[in-house]
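Residues per chain, in single letters:
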Amino acid sequence: MNELVTIDAADLRILDLLQRDAAQSNQDLAAAAHVSPATCLRRVKRLVDAGIITRRIALLAPEKLGPSLSAIVEITLDRQGAEHLAAFEAKVQQDAAVQQCYRVSPGPDFVLILQVADMPAYHALVQRLFTQDANVRNVKAFFSVFRAKFEPSVALPQG
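Here's what I pulled together on the structure shown here. Given the structure is predicted, the values throughout are model-derived calculations rather than measurements.

Quick notes on the rules
Residues numbered from 1 in each chain as written. Predicted model: local features only at pLDDT ≥ 70, side-chain atom pairs only at ≥ 80, totals over all residues. Heavy atoms only, no water. Phe/Tyr/Trp six-rings, centres within 6.5 Å; stacked < 30°, edge-to-face > 60°. Helix = DSSP H or I, 4+ residues; strand = E, 2+ residues; numbered from the N terminus. Buried < 20%, exposed > 50% of the residue type's maximum accessible area, 1.4 Å probe, protein only. Polar contact = N/O pair within 3.5 Å; in protein donor to acceptor, adjacent residues only side chain to side chain. Contact = heavy atoms within 4.5 Å. 1 Å grid on protein atoms, 1.4 Å probe; cavity = no way out; pocket = protein on both sides within 12 Å on 5 of 7 lines; lining within 4 Å. Points joined across faces, edges and corners; volume = space filled by probe spheres on them. Nonpolar A, V, L, I, M, F, W, Y, C, P; charged D, E, K, R; others polar. Salt bridge = Lys/Arg side-chain N within 4 Å of Asp/Glu carboxyl O. Expected span 1.5 Å × (residues − 1).

### Quick look at the packing of aromatic side chains
- With the rule as written, the count across this model stands at 3 aromatic pairs.
- Aromatic side chains Phe-88 and Phe-110 sit 4.9 Å apart centroid to centroid with 45° between the ring planes, which places their arrangement in the tilted category. In this pair, Phe-88 sits in helix α4 (residues 82-93) while Phe-110 sits in strand β3 (residues 110-116), placing the two residues 22 residues apart along the sequence.
- The exposure class of Phe-88 is buried, given its relative accessible area of 2%.
- Note on Phe-88 and Phe-130: the rings are 6.5 Å apart at their centroids and 25° apart in plane angle, and the pair reads as stacked.

### Let's talk about the side chain of Asp-109
- In this structure, Asp-109 sits in the loop between β2 (98-103) and β3.
- In terms of polar contacts, Asp-109 uses its side chain to reach the side chain of Gln-80, at 3.2 Å.
- With residues near it in sequence (within four places) discarded, Asp-109 still touches Ile-75, Thr-76, Leu-77, Gln-80, Leu-85, Tyr-102, Arg-103 and Val-104.

### A short note on the layout of surface pockets
- Approximately 1700 Å³ is the volume attributed to the largest pocket.
- Every residue lining the largest pocket is counted, 41 residues in all, and those nearest its centre are Ile-57, Leu-59, Phe-150, Glu-151 and Pro-152.
- Class assignment of the residues belonging to the lining of the largest pocket gives a composition of 24 nonpolar, 9 polar and 8 charged.
- What lines the second largest pocket is a set of 12 residues, among which Asp-16, Gln-19, Arg-20, Val-154 and Leu-156 lie closest to the centre.
- When its residues are assigned to classes, the lining of the second largest pocket shows 4 nonpolar, 4 polar and 4 charged.

### Side note on the pattern of salt bridges
- Per the counting criterion, the structure on display carries 9 salt bridges.
- A salt bridge links Arg-20 to Asp-16; the shortest N-O distance between them is 3.0 Å. With Arg-20 and Asp-16 both in helix α1 (residues 9-20), this residue pair falls 4 residues apart, about one helical turn.
- As a salt-bridge pair, Lys-91 and Asp-133 come within 2.6 Å of each other at their nearest N and O atoms. Highlighted residues: Lys-91 in helix α4 and Asp-133 in the loop between α5 (119-131) and β4 (136-143), separated in sequence by 42 residues.
- Given the relative accessible area of 26%, Lys-91 is considered partly exposed.
- In this structure, a network of salt bridges that share partners links the residues Asp-8, Asp-11, Arg-43 and Arg-46.

### A word on unusual backbone geometry
- Omega for the peptide link from Ser-105 to Pro-106 comes to -5°, which places this bond in the cis form.
- Along the polypeptide, Pro-106 turns up in the loop between β2 and β3.

### Regarding α1
- For α1, which comprises 12 residues, the first-to-last C-alpha distance of 17 Å matches the rise-based estimate of 16 Å (1.5 Å per residue) to within 8%.
- In this fold, the buried residues of α1 make contact with α2 (26-33) and α3 (37-49).
- The N-terminus of α1 is capped by Asp-8, whose side-chain oxygen sits 3.2 Å from the backbone nitrogen of Ala-10.

### Some points on the side chain of Glu-89
- With respect to the helices and strands, Glu-89 occurs in helix α4.
- Only 2.7 Å separates the side chain of Glu-89 from the side chain of Arg-103, close enough to count as a polar contact.
- Beyond its immediate sequence surroundings of up to four residues, Glu-89 is in contact with Cys-101, Arg-103 and Phe-110.

So, in structure tokens, the structure goes:
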């Protein structure tokens, strides 16, 4: 059962600061959030335990790591029973090139965000995830030519 967690202004300040830079020390985070270090540590632990903070990661610039191709792909399945949707979802979750997977409605069944090295790598992914799956009816891909914005932070309520 999901338990509702009360979030106050201090929690919102901490969440906002962590979304901007999760690598800062507890001391720096506490000072910027205007709380004591002990309070800050306790609040962050509570937010983690409540599942509000799911993980702290480094965001990488794929273009600085070598060739990179981003694709947004729409997938329509032949059979949309719960077990078929779950099976497809489980398969794409295991593939490192799939950065995001959404079940959507109406329209296609899934929208995937992919990051691959190049077109041959995309073709290999298509073979592995889509062509060999008899339940995949339609694949429609859009290739990014320029990323104008990438902001993975969540808009927080005003505290």
